[in-house]
Amino acid sequence: MPDMASSLLVGRYQLGELIGRGGMGEVWQGRDLRSGRPVAVKMLTPQVAQMMEARERFAREMRAAARIVHPNVVTVLDVGEHEGQPFLVMELLSGRSLAADLAERGRYGIVEACHLLGQAAAGLDAAHRAGVVHRDVKPANLHRTGQGVLKVVDFGVAHLATEAARLTAVGTVVGTAAYLSPEQIVGHGGQPASDLYALGCVGYELLCGHPPFVGSAPQLVYKHLHEPPVSPSRYREDVPAELEGLILALLAKDPAARPAGAGAALQILSAFTQPPARTAWPTGSPVPPVLRPGGARAGDTALLNTPDSGPRQAPSEGRRLVVPVAAALTAITAAVVGVSLLANSGQPSAGPAPSGMSSIAASEEPTTTPSTATSAMLTPSPLPAQSGADGWLADFDRALLAQQAQGGIDPDLARKVHEQITKMAGNLSEDKGRGKGKGNQAQKQMRGLVRDLFEAQRQGKLAADGPLSTFLDRSGLSDEHDN
Ligand SMILES: Nc1ncnc2c1ncn2[C@@H]1O[C@H](COP(=O)(O)OP(=O)(O)OP(=O)(O)O)[C@@H](O)[C@H]1O
């Protein structure tokens, strides 16, 4: 590959240092001279470019990827060609990939693994809802930023080489084939369920320190197709049975037997994570977070209090799951059915919204700003580091998804809130890139959104119990709202 250092792409993107190399190309630090924004630029190798069935397809996939605006998905900013070499421009991430993290740490504690996996599931859920399938979910494509936010990267790039080519290409096969679903191996991949299988492989690796199947490429192919995975609890006995059930369900050979969607997986994972670490409003607001009287806190329960104190002895061969996979699947299905029933019945809606109701809860179309009348009740304070707000929004969205999976929120309201969150995340990301934070405006929007949800709670559109309601209570804004 030609040395691209200091190159100027399409008169706009100035390349700096090389960040790293992968099978498809190189990733460079860069700067968008038009906006001044620091960016990451992925240059595809000429070989990969030649393997592309059509350049229009690459551009089409990248445009699709650019539509996914979510705190757990890297933002794609632009796509182009430099002297015949395709490139894509992304937000520049701090931190490192989970692959690099895993290489150093070996494996994760239960709560941390679920937290990371939950973020990956949230990002994939957003992509699938936007009609985009990743096709190459693996630790190298899950980036953990310096602020601890996980971002799914490399959407839509995997199609550039066919699965068959990737299976035979020396050097690329082992890393990728370890996460390849059975249906991708036989050439029927490219559906959301394939991403769920790969997510299961990643979850397994986070918990056990290695993916479910290891070996040479032909061995991996055989095992993915025919061999049942060894239960994670055989490698570490502190894996809760329900979590093990989820991982094994994700690894089902038959795509139809996997959880119905990434959102369903997220719901199960949420049960194992600490109450979000950043549920407190990220402003350093003088108002302390409101904790529910008697509410459980991270580490209070034996279930959550699972410090990872290094390798443990494998439990005996005879160990059985306390909750079998079928039960976990039933729980997942029930959650999903619950959501669709809710959508049909329109519950828990409490009838038409009164005219003075907030924009989100009452209007058909989502709006970017909350109604000013009640926003004025909340006193905005300056936003902190925008990275803090990123994480807060990611937690917010996870809590929303978990609440939705429980059927505790009006589906229409959930959709609008999700749109608001993704819009705010996009605004924050853009502001950060331009180096000029619209902190006050973003903060106003977030406060307005919280206020709208308290209003929705009063109207019966949001259940008072559940992950989102707990998140709101702990936002530290509830007593501002009550005043
Ligand atoms: N937007 C980004 N900001 C910062 N670093 C990034 C970004 N995207 C990718 N990287 C990093 O660049 C390096 C190379 O990434 P790349 O996607 O080319 O390779 P890979 O994912 O390791 O392998 P492959 O492309 O074969 O799947 C990795 O270390 C990755 O973490």
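It should be noted that the structure appears before, not after, this text.
What you see as residue numbers is a count from 1 along each chain, following the sequence as written. Local features are withheld for residues below a pLDDT of 70 in this predicted model, meaning they are given only at 70 or higher, and side-chain atom pairs are given and counted only at 80 or more; totals for whole chains, interfaces and linings count all residues. Hydrogens and water molecules were not included; the side-chain quantities draw on all heavy atoms of the structure.

Regarding helix H10 (residues 241–250)
Since one α-helical turn is 3.6 residues long, residues separated by three or four positions face the same way. The rule is simple: take the accessible area with a 1.4 Å probe, protein chains only, and divide by the maximum for that residue type; under 20% is buried, over 50% is exposed, in between is partly exposed. Comment: elements are numbered from the N terminus, with helices defined as DSSP H or I runs of at least four residues and strands as E runs of at least two. In terms of burial, H10 is largely enclosed, as nine of its ten residues are buried. Listing the buried residues of H10 in full gives Ala241, Leu243, Glu244, Gly245, Leu246, Ile247, Leu248, Ala249 and Leu250.

Some details on the packing of helix H4 (residues 110–129) against helix H11 (residues 262–270)
Fitting a line to C-alpha atoms yields each axis, with helices limited to the stretch in contact; the angle taken between N-to-C directions then spans 0 to 180 degrees. Between H4 and H11, the least distance of the axes is 8 Å, while the angle of their chain directions is 160 degrees. By the angle between their directions, the pair H4 and H11 is classed as roughly antiparallel. Along this stretch, H4 crosses H11, giving a crossing that reads as left-handed. The residues of H11 that touch H4, namely those facing Cys114, Leu117, Gly118, Ala121, Ala122, Leu124 and Asp125, are Ala262, Gly263, Leu266 and Leu269. Gly is put with the polar residues, along with every residue not named as nonpolar or charged; the nonpolar set is Ala, Val, Leu, Ile, Met, Phe, Trp, Tyr, Cys and Pro, and the charged set is Asp, Glu, Lys and Arg. Grouping the constituent residues of the contact of H4 with H11 by class yields eight nonpolar, two polar and one charged. An angle below 35 degrees is read as roughly parallel, one above 145 as roughly antiparallel, one from 65 to 115 as roughly perpendicular, and any other as oblique. In this scheme the handedness of a crossing depends on how the near helix is turned from the far one: anticlockwise by less than a right angle means left-handed, clockwise means right-handed. Any two residues having at least one pair of non-hydrogen atoms within 4.5 Å are treated as being in contact.

Quick notes on the pairing of strand E4 (residues 38–44)
Counting buried positions along E4 gives six out of seven residues, so the element sits mostly inside the fold. The rule for pairing is simple: two strands pair if DSSP sees at least two bridges between them. Where strand E3 (residues 25–32) lies against E4, seven bridges are found, and the strand directions are antiparallel. When the bridges of E4 are listed, Gln29 appears paired with Ala40. The turn joining E3 and E4, which pair antiparallel and follow one another in sequence, is formed by five residues; a positive phi near 80 degrees is taken by Gly36. Both E4 and strand E6 (residues 85–91) contribute to a ladder of five bridges, which runs antiparallel. Residue pairing across strands places Ala40 opposite Met90, the latter belonging to E6.

Some thoughts on the packing of aromatic side chains
Put simply, two rings from Phe, Tyr or Trp (the six-membered ring, in Trp's case) pair if the centres are within 6.5 Å, and we call them stacked under 30 degrees between planes, edge-to-face over 60, tilted for the rest. Taken as a whole and assessed by the stated rule, the structure comprises two aromatic pairs. Taking 6.2 Å as the distance between ring centres and 70 degrees as the angle between the ring planes, the aromatic pair formed by Tyr13 and Phe87 counts as edge-to-face. One end of the pair, Tyr13, is in strand E2 (residues 13–21); the other, Phe87, is in strand E6, with 74 residues separating them in the sequence. Note on accessibility: Tyr13 and Phe87 belong to one class, buried. A ring pair is formed by Tyr204 and Tyr235, whose centres lie 6.4 Å apart and whose planes are at 70 degrees; its orientation type is edge-to-face. You can see Tyr204 sitting in helix H8 (residues 192–208) and its partner Tyr235 sitting in the loop between helix H9 (217–226) and H10, a full 31 residues away along the chain.

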